[in-house]
Amino acid sequence: MIEHLQSLVQAHGVVVSASILLVAYVFIALEKIPKVTIALLGAAITIILGLVSQTKAIDGVINSNYFINYVDFNVIFLLVSMMIIVSIATRSGMFNWIANELLRFTKGHPKLVLLTLGVFTAVTSAFLDNVTTVILIMPVTFFIAKQLDINPLPFLITEIFASNIGGTATLIGDPPNIIIGSAAGLSFMDFLNELTVVVAVILAIVVALMIFIFRKSLKAAPEKMEAVANLDNSHTITDFPLMIRSGIVLILVILGFVLHDVTHIETCVTAMLGASFLLLFEKPKDILCDVEWNTIFFFIGLFIIIGGLEATGGIALMAKWILAVTKGSQEATAMIILWASGFISGVIDNIPYTATMTPMLLEIQKTMGGEYTYPLWWCLSLGACLGGNMTIIGAAANVIVSETSAHNGYPIPFMKFLKYGVITMIISLTISSIYVYIRFLH
């Protein structure tokens, strides 16, 4: 029965694998069922139907269609290791201490507070994942807003935008970049060299725009401002030895990422080394509880589903279609990928979108060469990461902030966020288009 079904599926492999991916996308977008459940169920169906193989080797020869081959463990181990490092470092109170010191520097001026929170969120998101960053900064934001007796929404909305913008700048800042870096062989320094300038320009313009838009709300009484200026930050560090230890490891791990081109040690191995060292001083079961296993298994399931489309030739067909539409024009292909990535990532999760697009770009690379494809990787990164700012469901950090804000009595209406999000995304992608053209296509 199963063998007959598998032979039938093989005859229509592209249609079946594409249908599984499309149905998974629909259910992920509807958010009625946890996305990790959808991904793992789709992966199981993909394997059972024979779109990818369950067998590691056939007659002693390694099977290239073995389902494990489609799981990018560079991405998996890098994510897990960084989650462990950040979880341990957070327990010391070091990130809250830094945030409080920056806020004391503002003397409680609301506009300067918004600027400081925005820049701090962006810079932190470049080195930690976006979700961790907003989780760290939100308690500080609510405390400051309460002290100043003003609405926290301008700060929270700015932090969402800043987290997605800042995360675009580095290999580890946003999961789409981890996927892109692993697939394209791009290093930590490649991301810094190619994206830091444009990200800094976008951040400056977006934060200035938020200050202008919310200018009427960013006012506080002098006595309230003084309370923030005199904020007591002496007891924020809860474990000084842990802060020193985790701080040194975090710096060394990032240095290892920077020196990848010299050491040739993969970023996931560097992160694993740092995480395992910190675990020597902790109870692993306590720390591993903080790892977002839902995200990890979502990635694994998704890689297998997309592996089914790749194994049946669906990805290659997509690549040929794009090249046919653009008639091979590098400029047209780059702009389509940039703007389509932005709008699509604003509606659906940018992780599955990026995981689908990377094999397609690899197919384009086989046909057109590495020099043709190189700018396309940066278009995909900019579009997927910055597009997440369009809607309140465009990125995981957006959802976390929205849910926490509503729980604290400050709901962020979908349409209100959309109004600011569309403006922010269009500005971001317009600047990115100009940058990509001047830097790579001119």
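Residues numbered from 1 in each chain as written. Predicted model: local features only at pLDDT ≥ 70, side-chain atom pairs only at ≥ 80, totals over all residues. Heavy atoms only, no water.

(A) Quick peek at the overall build of the chain. When its secondary structure is counted, the chain shows 22 helices and 2 strands. For a compact globule of 442 residues, the expected C-alpha radius of gyration is about 22 Å, and the chain comes in at 23 Å, within 12% of that figure. Considering only C-alpha atoms, the chain reaches an extent of 75 × 50 × 45 Å along its principal axes. Within the chain, the proportion of its 442 residues that are buried is 53%. For the chain, contacts bridging at least 24 residues in sequence account for 80% of all contacts bridging at least 6. Working note: accessible area of the chain is about 19300 Å², and carbon and sulfur atoms make up 68% of it. Positive and negative charge centroids in the chain, built from 21 and 27 side chains respectively, lie 10 Å apart. (Helix = DSSP H or I, 4+ residues; strand = E, 2+ residues; numbered from the N terminus. Rg over C-alpha atoms; globule rule 2.2 N^0.38 Å. Buried < 20%, exposed > 50% of the residue type's maximum accessible area, 1.4 Å probe, protein only. Contact = heavy atoms within 4.5 Å. Areas by Shrake-Rupley, 256 points an atom, 1.4 Å probe, with all protein chains shown as cover. Lys, Arg positive; Asp, Glu negative; His and termini not counted. Charge placed at Lys NZ, Arg CZ, Asp CG, Glu CD.)

(B) Highlighting the packing of aromatic side chains. According to the stated counting rule, one finds 15 aromatic pairs in the structure shown. Seen from their ring centres, F73 and F77 are 6.1 Å apart, and the 35 degrees between their planes marks the pair as tilted. Taken together, the positions of F73 and F77, both in helix α4 (residues 73-90) and 4 residues apart, correspond to about one turn of that helix. You can call F73 partly exposed: its relative accessible area is 33%. Relative accessible area serves as the criterion here: at 39%, F77 is assigned to the partly exposed category. Ring centres 6.4 Å apart and planes at 45 degrees place the aromatic pair W293 and F297 in the tilted group. Residue W293 and its partner F297 are both found in helix α16 (residues 293-311); the two are separated by 4 residues, about one turn of the helix. Judged by relative accessible area, F297 falls into the partly exposed class, the value being 40%. Above the ring of F298, the side-chain terminus of K35 is found at 4.8 Å from the ring centroid. (Phe/Tyr/Trp six-rings, centres within 6.5 Å; stacked < 30°, edge-to-face > 60°. Lys NZ or Arg CZ within 6 Å of the ring centre and 35° of its normal.)

(C) Local environment of the side chain of N63. Considering the arrangement of structural elements, one finds N63 in the loop between β2 (61-62) and α4. We classify N63 as buried; its relative accessible area is 10%. A distance of 3.1 Å separates a polar side-chain atom of N63 from the backbone oxygen of T55. Beyond its immediate sequence surroundings of up to four residues, N63 is in contact with S53, T55, K56, A57, I58 and N69. (Polar contact = N/O pair within 3.5 Å; in protein donor to acceptor, adjacent residues only side chain to side chain.)

(D) Molecular detail of the pattern of salt bridges. This model, assessed by the stated rule, comprises 5 salt bridges. In this structure, E363 and K366 form a salt bridge, with 3.4 Å as the shortest nitrogen-oxygen distance. Highlighted residues: E363 and K366, both in helix α19 (residues 350-368), separated by 3 residues, approximately one helical turn. The class for K366 is exposed, based on a relative accessible area of 66%. (Salt bridge = Lys/Arg side-chain N within 4 Å of Asp/Glu carboxyl O.)

(E) The packing of α4 against helix α9 (residues 175-184), seen in detail. At a minimum axis distance of 9 Å, the contact between α4 and α9 shows a crossing angle of 140 degrees. Taken together, the axes of α4 and α9 are oblique relative to one another. Classified by chirality, the crossing of α9 by α4 is right-handed. Between α4 and α9, the contacting residues are N74, V75, L78 and L79 on the first element and I178, I179 and S182 on the second. Looking at the contact of α4 with α9 residue by residue, the classes come out as 5 nonpolar, 2 polar and no charged. (Axes fitted to C-alpha atoms, helices over the stretch in contact; angles between N-to-C directions. Parallel < 35°, antiparallel > 145°, perpendicular 65-115°, else oblique. Left-handed = near helix turned anticlockwise from the far one by under 90°. Nonpolar A, V, L, I, M, F, W, Y, C, P; charged D, E, K, R; others polar.)

(F) Spatial organisation of helix α3 (residues 35-48). For α3, built from 14 residues, the straight-helix expectation of 20 Å at 1.5 Å per residue is met to within 8% by its first-to-last C-alpha distance of 20 Å. Along α3, the residues classified as buried are V36, I38, A39, G42, A43, T46 and I47. Along α3, the residues classed as buried sweep out an arc of 160 degrees about the axis, all on the same side. Following α3 by one or two positions, G50 has its phi on the positive side, about 80 degrees. (Expected span 1.5 Å × (residues − 1). Arc of directions from axis to C-beta.)

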